[in-house]
Amino acid sequence: NRFFKDRNWLFTEFPEILPYRKVTQLDEENKSNEIRNVCTLSSESKTLYSQKSVQGTCGHFETPIVTSSDSTRKHKSNKTSNGTHCMTQNMFPKVIGNGQDPVESEMTDDRNASFRIFEVGCGAGNTLFPILNAIGNESGIFLYCSDFSKEAVDLVKLHSCYNPACCYTFVHDVCDETQPFPFPDGSIDIILLVFMLSSVLPEKMPYVITRLAHALKPGGKILFRDYGRHDLSQLRFKKGHCLFDNFYVRGDGTRVYFFTKDEIHNIFTSAGLNEIQNVRDKRLQVNRRKKVAMQRVWIQAKYQKPEQHS
């Protein structure tokens, strides 16, 4: 169950994920329970199948110190019913393959959706399942989730909280222009890039963001969080792990880039997006049990596709 360290902090940092009425309801329901408690914890975990390191944190930027008595504590996954009714059948076929296997045809289920979310690099579902739990019986919301790893996608689909009535998870390499999305351009309200872009080759990052910008509706947003320059995990890399400037390979073969605010600004604005937020989140993470203090640095940003004006 260690694969599922759910990122409930998402609703604090990115309230845009859910429509206003759901955010308000969620805040009222969790003032004294799990989400408030999770927001005092900052932990790092590696998800086996996600092909990247997964990082979690929360709270507000004015809170510089986060403490944890045990950064490896077990998380109890929330159980929800798979009987939630969200949408009716859609006519968008699944046309995504893994680049080698024959293309699979499958119908998605979002025709009646008025609000669509797309998470790129879903891994084992650390972001997906808190969103599904928050949606509950709400109709009109549909989630798309993709990952480069077929094992990760299979793992998500086997989880007890996975609900195909309002979620579609598929294998996809966003860097491969020959692999289309299972939805048309201009149809997505929110795109989540949470510790995903850092695993992409730097020269391909502008293409990825431009492609995702095309998928957004006018007024839609990309919500971004990833590793910042001089984060502890960068400083810990030993000689021989640096592929080139600020781009490293881990012991398991996965890769990671460490960003600056200026780099993020240039990549996203070059794709025609307007900057809403771009901050360097620097904080001291303390593990009291191990008596270790760690300086963590992340970049958090929000970019919006311009509205269309008649």
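Predicted model, so just to flag it, every value in this text is computed and none were measured.

Undergrad: Any chance you could break down the sheet that holds strand 10 (residues 247–249) for me, citing the residues and the numbers?
TA: The antiparallel open sheet is built from 3 strands, whose spatial order is 9-10-11. Two strands in the sheet have a free side with no partner beyond their single neighbour: strand 9 (242–244) and strand 11 (255–257). When strand polarity is set aside, the average angle formed by the axes of neighbouring strands in this sheet is 30°. Inspection of the sheet shows strand 10 paired to strand 11 by 3 bridges, in the antiparallel sense. When the bridges of strand 11 are listed, Phe-247 appears paired with Tyr-257.

Undergrad: Residue-level account of the side chain of Lys-221, with values.
TA: For Lys-221, the location among the structural elements is in strand 8 (residues 216–227). Buried charge without a salt bridge: Lys-221, with Glu-16 as the nearest opposite-charge side chain at an N-O distance of 4.2 Å.

Undergrad: Which residues make up unusual backbone geometry, and what values do they have?
TA: One non-glycine residue, Phe-195, adopts positive backbone phi at about 55°. Its place among the elements puts Phe-195 in the loop between strand 7 (188–194) and helix 6 (205–215). Of note, His-230 is a non-glycine position whose phi angle comes to about 70°, a positive value. For His-230, the position within the fold is in the loop between strand 8 and helix 7 (232–235).

Undergrad: Just give me the short version of the nonpolar core, but keep the residues and values in it.
TA: Nonpolar side chains in soluble globular proteins generally cluster together in the buried interior. With 37 residues, the main nonpolar core has Phe-118, Ile-191, Leu-193, Leu-197, Leu-212, Phe-224 and Phe-268 as its most contacted residues. Mapped by element, the contributors of at least two residues to this core are strand 4 (115–120), strand 5 (141–147), strand 6 (167–171), strand 7, helix 6, strand 8, helix 8 (261–269) and strand 13 (292–304). The leading source of residues in this core is helix 6, at 6 residues. Residues Phe-11, Ile-131, Ile-190 and Val-194 belong to the second largest nonpolar core, which totals 33 residues.

Undergrad: Go over the packing of aromatic side chains, please, and point to the residues and values.
TA: Across all of its chains, the model carries 19 aromatic pairs by this definition. On the basis of an interplanar angle of 65° and a centroid distance of 5.0 Å, the ring pair of Phe-195 and Tyr-227 is categorised as edge-to-face. With Phe-195 in the loop between strand 7 and helix 6 and Tyr-227 in strand 8, the pair connects residues that are 32 residues apart, well separated along the chain. Taking relative accessible area as the criterion, Phe-195 reaches 1% and is therefore assigned buried. The exposure class of Tyr-227 is buried, given its relative accessible area of 1%. Among the aromatic residues, ring-to-ring pairing joins Phe-118, Phe-142, Tyr-144, Tyr-168, Phe-170, Phe-181 and Phe-183 into one connected group.

Undergrad: Can you break down the pattern of salt bridges residue by residue, with the values?
TA: Within this structure, the stated rule accounts for 7 salt bridges. Linking Lys-150 and Asp-154 is a salt bridge whose minimum nitrogen-to-oxygen distance equals 2.9 Å. Separated by 4 residues within a single helix, Lys-150 and Asp-154 lie in helix 5 (residues 150–158), roughly one turn from each other. Lys-150 gets classed as partly exposed once you look at its relative accessible area, which sits at 43%. In this structure, Asp-231 engages Arg-296 in a salt bridge whose closest nitrogen and oxygen atoms are separated by 2.7 Å. Separated by 65 residues along the polypeptide, Asp-231 in the loop between strand 8 and helix 7 and Arg-296 in strand 13 bring together distant segments of the chain. One exposure class covers both Asp-231 and Arg-296, and it is buried. Taken together, the salt bridges that share partners define one network made up of Arg-225, Asp-281 and Arg-283.

Conventions we followed
- Residues numbered from 1 in each chain as written.
- Predicted model: local features only at pLDDT ≥ 70, side-chain atom pairs only at ≥ 80, totals over all residues.
- Heavy atoms only, no water.
- Pairing = 2+ DSSP bridges.
- Helix = DSSP H or I, 4+ residues; strand = E, 2+ residues; numbered from the N terminus.
- Axes fitted to C-alpha atoms, helices over the stretch in contact; angles between N-to-C directions.
- Buried < 20%, exposed > 50% of the residue type's maximum accessible area, 1.4 Å probe, protein only.
- Lys, Arg positive; Asp, Glu negative; His and termini not counted.
- Salt bridge = Lys/Arg side-chain N within 4 Å of Asp/Glu carboxyl O.
- Core = buried A, V, L, I, M, F, W, Y, C linked by side-chain atoms within 4.5 Å.
- Phe/Tyr/Trp six-rings, centres within 6.5 Å; stacked < 30°, edge-to-face > 60°.

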